[in-house]
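Breakdown of the fold
Next come the chains, spelled out residue by residue.
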There are 8 protein chains.
Amino acid sequence: MSTMAQGGAGEGRTPAEMGASSAEKPWVGVIMGGKSDYEHLAVTSELLTQLGIPHEVRVVSAHRTPDRMFEYASTAAERGIEVIIAAAGGAAHLPGMVAAKTVLPVIGVPIPATALNGMDALLSIVQMPKGVPVATMAIGKPGAANAALFAAAVLSGKHPELRERLAAFRGAQEAAVLRDSVIV
Amino acid sequence: MSTMAQGGAGEGRTPAEMGASSAEKPWVGVIMGGKSDYEHLAVTSELLTQLGIPHEVRVVSAHRTPDRMFEYASTAAERGIEVIIAAAGGAAHLPGMVAAKTVLPVIGVPIPATALNGMDALLSIVQMPKGVPVATMAIGKPGAANAALFAAAVLSGKHPELRERLAAFRGAQEAAVLRDSVIV
Amino acid sequence: MSTMAQGGAGEGRTPAEMGASSAEKPWVGVIMGGKSDYEHLAVTSELLTQLGIPHEVRVVSAHRTPDRMFEYASTAAERGIEVIIAAAGGAAHLPGMVAAKTVLPVIGVPIPATALNGMDALLSIVQMPKGVPVATMAIGKPGAANAALFAAAVLSGKHPELRERLAAFRGAQEAAVLRDSVIV
Amino acid sequence: MSTMAQGGAGEGRTPAEMGASSAEKPWVGVIMGGKSDYEHLAVTSELLTQLGIPHEVRVVSAHRTPDRMFEYASTAAERGIEVIIAAAGGAAHLPGMVAAKTVLPVIGVPIPATALNGMDALLSIVQMPKGVPVATMAIGKPGAANAALFAAAVLSGKHPELRERLAAFRGAQEAAVLRDSVIV
Amino acid sequence: MSTMAQGGAGEGRTPAEMGASSAEKPWVGVIMGGKSDYEHLAVTSELLTQLGIPHEVRVVSAHRTPDRMFEYASTAAERGIEVIIAAAGGAAHLPGMVAAKTVLPVIGVPIPATALNGMDALLSIVQMPKGVPVATMAIGKPGAANAALFAAAVLSGKHPELRERLAAFRGAQEAAVLRDSVIV
Amino acid sequence: MSTMAQGGAGEGRTPAEMGASSAEKPWVGVIMGGKSDYEHLAVTSELLTQLGIPHEVRVVSAHRTPDRMFEYASTAAERGIEVIIAAAGGAAHLPGMVAAKTVLPVIGVPIPATALNGMDALLSIVQMPKGVPVATMAIGKPGAANAALFAAAVLSGKHPELRERLAAFRGAQEAAVLRDSVIV
Amino acid sequence: MSTMAQGGAGEGRTPAEMGASSAEKPWVGVIMGGKSDYEHLAVTSELLTQLGIPHEVRVVSAHRTPDRMFEYASTAAERGIEVIIAAAGGAAHLPGMVAAKTVLPVIGVPIPATALNGMDALLSIVQMPKGVPVATMAIGKPGAANAALFAAAVLSGKHPELRERLAAFRGAQEAAVLRDSVIV
Amino acid sequence: MSTMAQGGAGEGRTPAEMGASSAEKPWVGVIMGGKSDYEHLAVTSELLTQLGIPHEVRVVSAHRTPDRMFEYASTAAERGIEVIIAAAGGAAHLPGMVAAKTVLPVIGVPIPATALNGMDALLSIVQMPKGVPVATMAIGKPGAANAALFAAAVLSGKHPELRERLAAFRGAQEAAVLRDSVIV
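Residues numbered from 1 in each chain as written. Chains lettered and ligands numbered in written order. Predicted model: local features only at pLDDT ≥ 70, side-chain atom pairs only at ≥ 80, totals over all residues. Heavy atoms only, no water.

So the rule is basically this: UniProt positions are given in the numbering used here, feature names are shortened, and annotations may be inferred rather than shown by experiment.
Chain A has the name N5-carboxyaminoimidazole ribonucleotide mutase in an unreviewed UniProt entry, where Sorangium cellulosum is given as its organism. For chain A, the Sequence similarities (unreviewed entry) comment in UniProt is given as "Belongs to the AIR carboxylase family. Class I subfamily." On record in UniProt, under Function (unreviewed entry), the comment for chain A is "Catalyzes the conversion of N5-carboxyaminoimidazole ribonucleotide (N5-CAIR) to 4-carboxy-5-aminoimidazole ribonucleotide (CAIR)."

Structure, rendered in structure tokens:
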């Protein structure tokens, strides 16, 4: 995919110009179970920046730092966070447990981190019981990218300018395919 | 689960009193591939009503009425729809194709309608490529219920009263478990 | 299986005579995500009783009562609990999250409660990351029974009389098969 | 496999001599969700050329260019296209959605493009509901090759010379195995 | 689905009036591994009749009558058969072996006949090696119905009137959904 | 594993001395769908040689050479073949179709040759319907080795010296593990 | 299937007349993990009787009677047993462990006894490591029937009259299909 | 993960100082089906050493050395072993068979050693029937590490100092995540 397509929403502006300076209070909290997950999640941060959405990226482990996880989830709303993106592999309890401690929308990204290549994380994230939803994305990088786009869609209810940026992103994406679609 | 828990958000009021009269313009469009899917989706409508969220429920088939699907998706925003919930079984293309034609948040619910008992629908809905997200819920009724709750969470950015209703729903749900938790 | 085989460890004695009176402080905490899981877990309590192991059975939901879950897990040891058996279906976060909040041995039982018939719960319980183990049993009733027997095996390090009861249980079980093994 | 076996249908002739010049109106439209899928689809074009079947190869994305997809599908017949081969990975909605917009025969090829290695694409393509069929081939290159051979079989109803070319291809293929079948 | 939708292609005419009399030479051979498979395949015959396509339905077992299978496959073309629909469960070798003995288009339908509920048959039918394609449909009845529709699409290259009947079928199908699409 | 363990049955003798000269009529026919499968099957031939069992190794493709396959299967017994080992990947019809054309014992080996890594071949080989058995081994090299050992076990009914060689093989195998079993 | 087809090998004779009196020393030992497995295994005994093969049927549990299992396996050959058929569900260790203690041919039948419907037993039985083969049949009743037929094929090396009975069985089976193969 | 986190329980002391000298009688027996499994199991021994738990590591194969396995299992308790960790791949019968011959707690670790990447071993280990439990850990290295930690949890009933070391390990693990949790 060309840079044009990916850069469609914020072409020619720096993140700061788009309103994503790190000084600003984050709208989106991106958390993951371990630092190695960031290999998959980097695209999430890139797309949020590109769409001008202030965000933070943190390691919060459901199993190794359960108290920190509960504190993060239960204080996110009062800190101004509007959407949480949580990524995890294997048993992947992070998204669901965060969702249990907040009524903010939680987006889950299954990471292919074990011998089962993400199928374990997918089922663990998506099969939430009635009462506590997690919006599950595809396994790995496609899901990590879409988590950013879906966060933007959620935020666009309150921040209508994001709807336009998303439409521009889609338009650039479509144009990139159309521009170069003849193979034989 | 007691009626208390389920009724927490709107106890003692009729749907109309809560603002969900059918005369009002819907905030949420609930669509499904076939009428038989409503067996799974009835709970979605019930919970939306309970949370006071105006909505409509329609049959829109990706494969049997593709033009209607595109029209529904591309005109939803201008009709005032803010979130789309799309349910489908088997190949389950409805949620992803609707998402391709709108930048509104689309929530997908996999229906167990084939010999593979929903695993086909789950993978078909969740494994969206980079660029077009679908927020996937659990297979069947738990996912159908959570689609309503997640829609409420999305809407609560713009409609803050929903955040309180969601918190009340969670509180009632928690209380119902705590009230009756001793077995032996 | 004959009653002999099942009753081997405590034949002819009431639970109270075997030391499992409810007045006693429980050694094993049996928890499950919802009351309907008890259909699968009843055998756990029966076998613990039969082996003379004081225990309690509680509904503790990871997603609907997260604070209660953390409190249960973090205070279990000081209440004298020596082993926790946690059962859950679907996303099945209960065993892993309890294990994150205690260093007591936690035994997990996957419940077949969704369209995926327990495969989701199995993967969610067993695929724990390095650092926080859950001892996973088979899906459903066989696993629920074995959770009791494994708890007894764990306890027998400190309570050697349990090793003998387990050996008697095994002996009775073996005898029941041998007694009646000719079909054609 | 020897070149003989693969080249059986059109040995010694150029594609143009066999009637597959790009100037001619295509009988088969080969479309795929993204350019990277062509790694798997190149064999499709090669075999169509070898069998003397005029064709075109295009990138048409169900999710990134939905309108283009509908236009492609709904105008294919009037442009003289007789068979459509559609390949996609992940959620893989392309074949099924194209099939929803045409009554031409649509052949689907699942591409192994995600962490699930094509199982997602296979189920998404094959599990079409009653009313809109997609003729699904094997995952990846074997399926991409067979899509060309199956398109030839479909076309041979109207173009009987293709039946002979297919028979020659099969004959060469059989001879290649028989020629060299003794290992020990 | 209303009778209207299913009957769209041949409403008001008997099979004979539509040209599907059993006296006519069959265009489509429908074969299955065992008589019990007809429970799934009845819809195939019904739809072929409805579309006015002469056909025969036979039990031909790959494993119990291998010679009969080879004879059926290798003489089908000279008997005037233009498309073969082959259904099988379990190891499901029938479609692939028939395809190995003819260059006619072969459509495969996986039957859910074992403990694995059709997943075995699906993989066995669809995962054909390069060189011998089988056009695989969905597991069970949806696939059995679509096999008839796809056979019609294949035949419509040579028999253009079928293209119109298929379009009418699709139109009736679409109308049936649209007529009755409002639930709430 | 040491050479001792593998060589246990025929240590110090050449294949010819053990009676496996290629001049002798083969007792075991080893066939596979394609030459590339021999990468997995080489061990089969090695173990048969080591156990002194005359055999032949041939490429026989169910799909590319169906007539050759039927001829091979139906004439094997009269040629003195007593056991057939058939290996195949993907749809993997070879073992089951050979079994349909002979009453000799047929041993099937699933080859991991596709994106599904042998699961397709395993199900296609093992899920044979009532009436025509195939003795299925593990996927890939372990199964290919065991096919040789199982063929020896079958042959040892008529050729009792093989039972002793198998026992010697097992003894050497056991000794090799015991000799070197202390790690820490 | 008609009684003719099933009764083909021994029509009109009692088991005793066919040489399968219980007074005779068994050639085949049929064992299973629990009495409830006999629901699936009854057909095994019926077919062995029909083919005139003396046999015994016993419950031998790998986990509940491990010593009995080892004794059974290690003394089978000296008792005159020539083939062992072992059936088990779930973890299904019986066939593999019996195979580890004998060089007789061991045939394994996976029983669908758990929430995973036999997939667990299939993998546990078939995925044996290099060195100790188990001839695995299909899950459940088809596999149980085929175990008897495969045992007959194995025995026919030493007992040539069985080869003729198997051929007659196959002939009757084929005739039954052919007699009644026209549906439409 | 930093060395600090892993070394938390025994920082600055040698294994001997922590009481894990090889002269001491082992509390934990770590066994595996083959030497190559030690690639996955090394971390088990490292963590046991770090926690000051005397242990031995042995190759014991269920299939190649069944008698040795039974002897190991049935004499472990009298040798002072308190917990057995058994790892195996493929059919993976070792943990379950050891559990059948002892009432000591047995922990099973599935090794990804075949084409199915550990799913076979997982199901074979975890799906034990009622009566004989195996405490199953995650597939591969995470499970191998957790087996050591779970063994420590089991032992801490009798050896309370281990509970403190486990708590220290957890504390160090938590601190390591918290220390370094800000990414963006």
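**Points about the interface of chain D and chain B**
When the parts of a complex come together, some accessible area is lost, and that lost area is often used as the size of the interface. We count it as follows: By definition, residues are in contact when any of their heavy atoms lie within 4.5 Å. For any pair of parts, buried area is found by adding up, for both, the accessible area (1.4 Å probe) each one loses once the two are put together. When a carboxyl oxygen of Asp or Glu is within 4 Å of a side-chain nitrogen of Lys or Arg, the pair counts as a salt bridge. Throughout this description, a polar contact denotes any pair of N or O atoms lying within 3.5 Å of each other; where both atoms belong to protein, one of them has to be capable of donating a hydrogen while the other can accept it, and for residues adjacent in sequence the pair is counted only when both atoms sit in side chains. Here a helix means four or more residues in a row that DSSP labels H or I, a strand means two or more in a row labelled E, and each is numbered from the N terminus. Note that Gly is not counted as nonpolar here; it falls among the polar residues with everything else outside the nonpolar set of Ala, Val, Leu, Ile, Met, Phe, Trp, Tyr, Cys and Pro and the charged set of Asp, Glu, Lys and Arg.
Taken together, the contact pairs 25 residues of chain D with 25 residues of chain B. Of the roughly 2,000 Å² buried between chain D and chain B, counting both surfaces, carbon and sulfur atoms make up 69%. Of all residues in chain D, D:His63, D:His93 and D:Gln127 give up the largest surface area on contact with chain B, accounting jointly for 28% of the area buried on that side. At the junction of chain D and chain B, the tally comes to two salt bridges. Between B:Lys101 and D:Asp67 there is a salt bridge; the shortest N-O distance is 2.5 Å. Counting the contacts that link chain D with chain B gives nine residue pairs in polar contact (both at pLDDT 80 or more). Of all elements in the fold, only helix 3 (66-75), helix 4 (94-100) and helix 5 (119-126) of chain D reach the threshold of two or more residues within the side of chain D that touches chain B. Element by element, the count of residues in the side of chain D that touches chain B is highest for helix 3 of chain D, at four residues. Classifying every residue of the side of chain D that touches chain B by side-chain character gives 13 nonpolar, seven polar and five charged.

**Remarks on the pattern of salt bridges**
Rules: Exposure is judged per residue with a 1.4 Å probe applied to protein chains only, and the accessible area is read against the type maximum: over 50% gives exposed, under 20% gives buried, and values in between give partly exposed.
Counted according to the given criterion, the structure contains 48 salt bridges over all chains. Residue B:Lys35 is joined to E:Asp180 by a salt bridge in which the shortest nitrogen-to-oxygen separation is 2.7 Å. One end of the pair, B:Lys35, is in the loop between strand 1 (28-32) and helix 2 (38-50); the other, E:Asp180, is in the segment after helix 7 (160-179), on a second chain. Given the relative accessible area of 41%, E:Asp180 is considered partly exposed. Here F:Glu56 and F:Arg58 are joined by a salt bridge, their closest N and O atoms 3.6 Å apart. With respect to burial, F:Glu56 and F:Arg58 carry one shared label: buried. Salt bridges sharing partners connect three or more residues here, namely A:Glu56, A:Arg58 and A:Arg79.

**Focus on the layout of surface pockets**
Once rolled over the atoms, a probe with the size of a water molecule shows which space is left empty. For the record, the criterion: Only protein atoms enter the calculation, which uses a 1 Å grid: trapped sets of points that fit a 1.4 Å probe without letting it out are cavities, open sets showing protein on both sides within 12 Å along at least five of seven lines are pockets, and any residue with an atom within 4 Å of a point is a lining residue. Grid points are joined across faces, edges and corners, and a volume is the space filled by probe spheres set on the points.
Each pocket or cavity is described by its volume, and for the largest pocket that value is around 1,600 Å³. Lining of the largest pocket is provided by 40 residues; of these, A:Met119, B:Met119, D:Met119, E:Met119 and H:Met119 occupy positions nearest its centre. Those elements that provide at least two residues to the lining of the largest pocket are helix 5 (119-126) of chain A, helix 5 (119-126) of chain B, helix 5 (119-126) of chain C, helix 5 of chain D, helix 5 (119-126) of chain E, helix 5 (119-126) of chain F, helix 5 (119-126) of chain G together with helix 5 (119-126) of chain H. Residue classes in the lining of the largest pocket are distributed as 32 nonpolar, eight polar and no charged.

**Notes on the confidence of the model for chain A**
Atom-level detail of predicted coordinates should not be read off regions where pLDDT is low. Residue and element names in this part refer to chain A. Stated formally: A score between 0 and 100, pLDDT records how confident the predictor is in each residue.
Looking at chain A as a whole, its pLDDT mean stands at 90, while 88% of the residues score no less than 70. With pLDDT under 50 throughout, residues 1-21 is counted as low confidence; its partners more than four residues away or in other chains account for 42 contacts. Interface confidence for the predicted complex, expressed as ipTM, amounts to 0.92; the pTM equals 0.92.

**Looking at the side chain of C:Arg165**
All names here are of chain C. Put simply, the test is: Positive: Lys, Arg. Negative: Asp, Glu. His and the chain ends are not part of the count.
Within the secondary structure, Arg-165 sits in helix 7 (residues 160-179). It turns out Arg-165 is buried and unbridged, and the closest side chain with the opposite charge, Glu-161, is 4.8 Å from it. Polar side-chain contacts of Arg-165 include one of 2.6 Å to the backbone oxygen of Leu-51.

**Things to note about the interface of chain C and chain H**
Contacts between chain C and chain H engage 42 residues on the former and 42 residues on the latter. Summing both partners gives a buried area of about 3,500 Å² for chain C against chain H, and 64% of it is carried by carbon and sulfur. The largest per-residue losses of area from chain C upon contact with chain H belong to C:Val103, C:Lys130 and C:Arg170, which jointly make up 22% of the total buried on that side. Taken together, the links from chain C to chain H amount to zero salt bridges. The interface formed by chain C and chain H contains 17 residue pairs in polar contact (both at pLDDT 80 or more). Listed by contribution, the elements that provide at least two residues to the side of chain C that touches chain H are helix 2 (38-50), helix 4 (94-100), helix 5, strand 5 (135-136), helix 6 (141-155) and helix 7 of chain C. Here the side of chain C that touches chain H gets seven residues from one element, more than from any other, and that element is helix 6 of chain C.

**A short note on the UniProt feature "domain: PurE" (unreviewed entry) in chain A**
In the UniProt entry, the feature "domain: PurE" (unreviewed entry) is given for residues 26-177 of chain A. Measuring from the first to the last C-alpha atom of residues 26-177 of chain A gives 33 Å, for a span that is 46% helix and 16% strand.

**What about the environment of A:Asp67?**
Within the element layout of this structure, A:Asp67 appears in helix 3 (residues 66-75). On the accessibility criterion, A:Asp67 (40% relative accessible area) is partly exposed. For the pair formed by A:Asp67 and A:Ala91, sequence separation is 24 residues and the distance between their alpha carbons is 18 Å. With sequence-adjacent residues up to four places away left out, A:Asp67 is seen in contact with C:Phe70, C:Lys101 and H:Glu174.

**With respect to the relation of the copies chain C and chain H**
Note the cut-off: The fit set for superposing copies consists of C-alpha atoms from residues with pLDDT of at least 70 in both; the fit itself is least squares.
In the superposition of chain C on chain H (RMSD 0.0 Å, axial shift 0.0 Å), the rotation amounts to 180°. These values place the two chain copies in the arrangement generated by a two-fold rotation axis. Comparing interface residues between copies, 100% of those in chain C also lie at the interface in chain H; the contact surface is shared.

**Some details on the relation of the copies chain D and chain B**
Relative to chain B, chain D is turned by 180° and slid 0.0 Å along the rotation axis, the superposed coordinates differing by an RMSD of 0.0 Å. Take the interface residues of chain D: 100% of them recur as interface residues in chain B, which is what a same-surface contact looks like.

**With respect to the packing of helix 2 (residues 38-50) of chain H against helix 6 (residues 141-155) of chain H**
All names here are of chain H. Stated precisely, the cut-off is as follows: Helix axes are fitted to C-alpha atoms over the stretch in contact, other axes to C-alpha atoms as well, and angles between N-to-C directions run from 0 to 180 degrees. Angles are sorted into four bins: roughly parallel if under 35 degrees, roughly antiparallel if over 145, roughly perpendicular if 65 to 115, and oblique for all others. If you view the pair so one helix is near and one far, a crossing is left-handed when the near helix is turned anticlockwise from the far one by less than a right angle, and right-handed when it is turned clockwise.
At a closest axis distance of 8 Å, the pairing of helix 2 and helix 6 adopts a crossing angle of 25°. Overall, the two elements helix 2 and helix 6 adopt an arrangement that is roughly parallel. In this structure, helix 2 crosses over helix 6, and the sense of that crossing is right-handed. Together, Glu-39, His-40, Leu-41, Val-43, Thr-44, Leu-47 and Leu-48 of helix 2 and Lys-141, Ala-144, Ala-145, Ala-148, Leu-149 and Ala-151 of helix 6 make up the contact between the two elements. Residue composition of the contact of helix 2 with helix 6, grouped by class: nine nonpolar, two polar and two charged.

**A few points about the pairing of strand 2 (residues 55-59) of chain H**
Residues and elements named next belong to chain H. As a reminder of what qualifies: Two strands are said to pair when DSSP picks up at least two bridges between them. A clockwise path from the first strand over the helix to the second, with the strands pointing away from the viewer, defines a right-handed crossover.
The element strand 2 is largely enclosed, with a buried count of five among its five residues. Residue alternation in strand 2 divides its side chains into two sets, His-55, Val-57 and Val-59 and Glu-56 and Arg-58, and both sets are buried. Here strand 1 (residues 28-32) runs beside strand 2; their pairing, made up of five bridges, is parallel. Each bridged residue has a counterpart across the sheet, and for Met-32 the counterpart in strand 2 is Val-59. Between strand 1 and its parallel partner strand 2, the chain crosses via helix 2, and the hand of that crossover is right-handed.

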